[in-house]
Amino acid sequence: MKVETRSIEFVPVEERHGKARDLFPIWFGANMHVTTLVTGALPISLGLNLFWSFAAIIIGTLLGAIFMASHSAQGPKLGIPQMVQSRAQFGVIGAIFPLFLVMFVYLGFFASSSVLAAQTLSSLIPINQSWSIIILSIICFVVTIYGHDLIHKMQKLLSWSSLVIYLVATIIIFQLPLPTGSLSLVSLDWPVFLLSISVVATWQLAYAPYVADYSRYLPVNTSTSQTFWYSYLGTFVGTVWMMVLGATLTIAIPNFLDHSGGNLASLFGKFSIFMYLIIIFGQLAINVFNLYGAFMSTITTIEPFWKIKVTQKVRIGMIFCVTLAGTILCLLGQSNFLSFFLNFIFFISYFLIPWTSINLVDYYLLRHGKYNVKDIFDLNGQYGKINQVTCIAFGIAIIAEIPFINTSFYIGPIAKAFGGADIAWLVGLIVPAILYYFPMKRKLNKSQPSSTHEKTAL
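Residues numbered from 1 in each chain as written. Predicted model: local features only at pLDDT ≥ 70, side-chain atom pairs only at ≥ 80, totals over all residues. Heavy atoms only, no water.

Participant: Would you mind going over the overall build of the protein chain with me for this structure?
Facilitator: From N to C terminus, the protein chain includes 20 helices and zero strands. The C-alpha atoms of the protein chain give a radius of gyration of 22 Å, which matches the 23 Å a tight globule of 458 residues would have. When each of the 458 residues of the protein chain is scored for burial, the buried share is 60%. A separation of at least 24 residues holds for 87% of the contacts in the protein chain among residues at least 6 apart in sequence. Roughly 18000 Å² of accessible area belongs to the protein chain as shown, and the carbon and sulfur atoms make up 70% of that amount. (Helix = DSSP H or I, 4+ residues; strand = E, 2+ residues; numbered from the N terminus. Rg over C-alpha atoms; globule rule 2.2 N^0.38 Å. Buried < 20%, exposed > 50% of the residue type's maximum accessible area, 1.4 Å probe, protein only. Contact = heavy atoms within 4.5 Å. Areas by Shrake-Rupley, 256 points an atom, 1.4 Å probe, with all protein chains shown as cover.)

Participant: Is there a simple way to think about the environment of Ile151 in this case?
Facilitator: By secondary structure assignment, the location of Ile151 is in helix α9 (residues 148-173). Taking the C-alpha atoms as reference, Ile151 lies 8.4 Å from Ile26; in sequence the two are 125 residues apart. Those residues within four positions of Ile151 in sequence are excluded, and the remaining contacts are Ile26, Tyr214, Val288, Phe289 and Tyr292.

Participant: Before we go on, may I ask you to explain the packing of aromatic side chains in this structure?
Facilitator: Geometry of an aromatic ring pair is reported as the spacing of the ring centres plus the angle between the planes. With the rule as written, the count across this model stands at 27 aromatic pairs. Seen from their ring centres, Phe28 and Trp241 are 6.2 Å apart, and the 40° between their planes marks the pair as tilted. Of this pair, Phe28 sits in helix α1 (residues 23-29) while Trp241 sits in helix α11 (residues 224-252), and the two are 213 residues apart along the sequence. Assessed through its relative accessible area of 15%, Trp241 is described here as buried. Aromatic ring contacts, followed pair by pair, group Trp27, Tyr106, Trp203, Tyr207, Tyr210, Tyr214, Phe289 and Tyr292 into a single cluster. (Phe/Tyr/Trp six-rings, centres within 6.5 Å; stacked < 30°, edge-to-face > 60°.)

Participant: Sorry if this is basic, but what is going on with helix α10 (residues 190-205) here?
Facilitator: Helical geometry: 3.6 residues make up each α-helical turn, so side chains three or four residues apart lie on a common side. When the terminal C-alpha atoms of α10 are compared, their 22 Å separation across 16 residues agrees well with the 22 Å that a helix rising 1.5 Å per residue should span. Counting buried residues along α10, 14 of its 16 residues qualify, which places the element largely inside the surrounding structure. (Expected span 1.5 Å × (residues − 1).)

Participant: Looking at this structure, I do not really get the nonpolar core. What am I missing?
Facilitator: One broad trend across soluble globular proteins is that nonpolar side chains are buried collectively. Formed by 120 residues in total, the largest nonpolar core has its most connected members in Trp27, Tyr166, Leu264, Met275 and Phe289. For this core, the element with the most residues is helix α13 (residues 272-302), which contributes 17 residues. Not counting chain neighbours up to four residues away, the residues in contact with Leu264 comprise Leu37, Tyr166, Ile173, Leu249, Phe256, Met275 and Ile279. If you look at the next biggest cluster of nonpolar residues, it comprises twelve residues, including Ala55, Ala56, Ile197 and Ile353. (Core = buried A, V, L, I, M, F, W, Y, C linked by side-chain atoms within 4.5 Å.)

Participant: Before we go on, may I ask you to explain a nonpolar patch on the surface in this structure?
Facilitator: Taken together, the side chains of Phe347, Ile399, Ile402, Phe409 and Tyr410 define a hydrophobic patch exposed on the protein surface, amounting to about 510 Å² of accessible area. You can see Phe409 is positioned in the loop between α17 (388-401) and α18 (413-417). (Patch = residues over 30% accessible without salt bridge, like charges linked within 9 Å, V, L, I, M, F, W, Y side chains within 5 Å. Salt bridge = Lys/Arg side-chain N within 4 Å of Asp/Glu carboxyl O.)

Participant: When you look at the environment of Ala325 in this model, what are you seeing that I'm missing?
Facilitator: In this fold, Ala325 is placed in helix α14 (residues 312-333). In this structure Ala325 comes out as partly exposed when scored by relative accessible area, which is 37%.

Participant: Looking at this model, I keep getting lost on unusual backbone geometry. Mind explaining?
Facilitator: Residues other than glycine predominantly adopt negative phi, and peptide bonds predominantly adopt the trans conformation. Although it is not a glycine, Asn255 sits at a positive phi angle of roughly 60°. As for its position among the elements, Asn255 is in the loop between α11 and α12 (260-266). Positioned with a positive phi, His368 is a non-glycine residue whose angle comes to about 55°. Positionally, His368 belongs in the loop between α15 (337-366) and α16 (373-376).

Participant: It is not clear to me how the pattern of salt bridges should be interpreted in this structure. Could you clarify?
Facilitator: For side chains of opposite charge, pairing can occur when their charged atoms come near one another. In total, this model carries two salt bridges according to the counting rule given. Two residues, Lys156 and Asp22, come together in a salt bridge whose shortest N-O distance is 3.5 Å. You can see Lys156 sitting in helix α9 and its partner Asp22 sitting in the segment before α1, a full 134 residues away along the chain. A relative accessible area of 35% places Lys156 in the partly exposed class. A salt bridge links Asp362 to Arg367; the nearest nitrogen and oxygen atoms lie 3.0 Å apart. Residue classification places Asp362 among the buried residues on the basis of a relative accessible area of 0%.

Participant: What exactly am I supposed to notice about the side chain of Arg315 here?
Facilitator: If you trace the backbone, Arg315 turns up in helix α14. By relative accessible area, which is 2% here, Arg315 ends up buried. Engagement of the side chain of Arg315 in a polar contact is seen with the backbone oxygen of Ile145, the distance being 2.9 Å. (Polar contact = N/O pair within 3.5 Å; in protein donor to acceptor, adjacent residues only side chain to side chain.)

Participant: Sorry, what's going on with the side chain of Thr170 here?
Facilitator: One can find Thr170 in helix α9. Discounting chain neighbours no more than four positions away, the residues touching Thr170 are Trp241 and Leu245.

Participant: Looking at this structure, how should I read the packing of α10 against α11?
Facilitator: The geometry of a pair of packed helices is captured by two quantities: the angle between their axes and the separation between those axes. Contact geometry of α10 with α11 gives a least axis separation of 12 Å together with a crossing angle of 140°. Considered as vectors, α10 and α11 are oriented oblique to each other. Seen along the crossing, α10 lies across α11 with a hand that is right-handed. For the pair formed by α10 and α11, the contact residues are Val200, Trp203 and Gln204 on the first element and Thr235, Thr239 and Met243 on the second. (Axes fitted to C-alpha atoms, helices over the stretch in contact; angles between N-to-C directions. Parallel < 35°, antiparallel > 145°, perpendicular 65-115°, else oblique. Left-handed = near helix turned anticlockwise from the far one by under 90°.)

See the structure below:
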């Protein structure tokens with residue numbers, strides 16, 4: 001297995017390989033872990049019963065996966081990572097702002113996944129949780145160095161192994177006794193229901209900044225619809241399955257979230273070792289995703305200022321720095337995991353959603369997938385240093401979300417008026433789409449003579 005030689009640059013046509021169907025195990029496996037399961041417990045923690053938690057999980061995933069898979073479909077045509085492509089909307093320098101936000105996303109998910117993995121490892125062998133975090137981070141660091149192809153192979157192995165183990169787990173879990181009224185259709189709390197949908201949809205949107213990183217090596221003639229649907233179905237099946245199990249376990253087992261990995265494994269009795277291993281494997285796999293994405297974002301951030309050649313030594317050094325930052329964050333936040341994770345999920349949604357709206361409007365409605373990839377890497381290219389239209393639309397969208405948000409540290413006036421319902425994610429989709437589409441369309445029409453040379457390859 002060779003170390004990946006490319007970082008954020010365009011993948012030449014002759015190096016493309018794989019098929020669209022390879023994306024199903026990538027995104028199925030990316031959700032078959034305990035962090036997804038714990039996210040499924042959040043609607044229960046917010047106050048919904050089991051039936052309405054299931055409904056929120058399914059609706060939130062159905063909606064959120066549309067945007068996630070739409071980003072995935074960009075990969076084969078453009079051949080570059082997702083956040084590099086954002087330079088076409090924000091400008092080469094302007095894209096740094098969403099990049100910083102996305103790096104916090106990667107590090108936040110790395111920390112939360114590491115805590116759950118460390119709890120499970122410490123249950124399996126007599127080792128301090130902090131040392132478990134360090135050991136697991138080292139393993140993730142090594143795998144991330146090898147990059148794209150090893151990640152694909154690891155995800156295929158995870159998909160098949162977790163399929164078997166979680167099928168058995170599902171049979172066991174659905175036989176657990178449930179409290180009376182858990183599946184009742186009455187007494188729906190609409191504000192909490194909408195808030196829960198928002199949480200689940202955000203889970204899918206959190207993949208958007210790096211989903212195209214795993215489709216960009218596919219041949220350029222790969223069907224857009226196949227890329228979309230294999231990504232969509234993979235993430236939908238994996239997410240709904242794990243979140244439904246998480247909600248059920250939270251209802252059925254008192255204090256399940258205090259030690260989710262150990263409590264889940266204990267259901268297997270003397271065969272618990274198999275569940276322990278699959279839990280640890282799943283957490284390692286998703287954390288490799290997070291480190292790989294953080295590495296790509298770091299390169300994208302510094303590349304306009306320092307034309308660095310990403311040699312193996314540079315690659316190892318930068319991945320080490322990212323791993324170190326994530327590990328420190330994990331060690332600091334391990335004592336108050338659920339509160340940290342819930343607040344983190346809410347917080348990132350207010351920034352990620354306007355970004356995804358602008359990106360998709362630009363790709364599908366304005367430029368129709370036609371970009372000059374060479375200029376995406378050129379400070380003096382046609383996309384410019386900073387696109388004021390984009391930055392204004394992005395900034396106003398975030399401000400527009402504030403009255404609608406509902407977090408532990410702030411509840412907006414409109415959210416209060418609706419009993420705590422958080423529909424900021426809808427505002428974050430609609431407002432930037434309108435504010436970006438019309439002025440950008442006029443701008444593109446004015447520059448039409450100079451933009452007809454746009455292409456999708458170098």
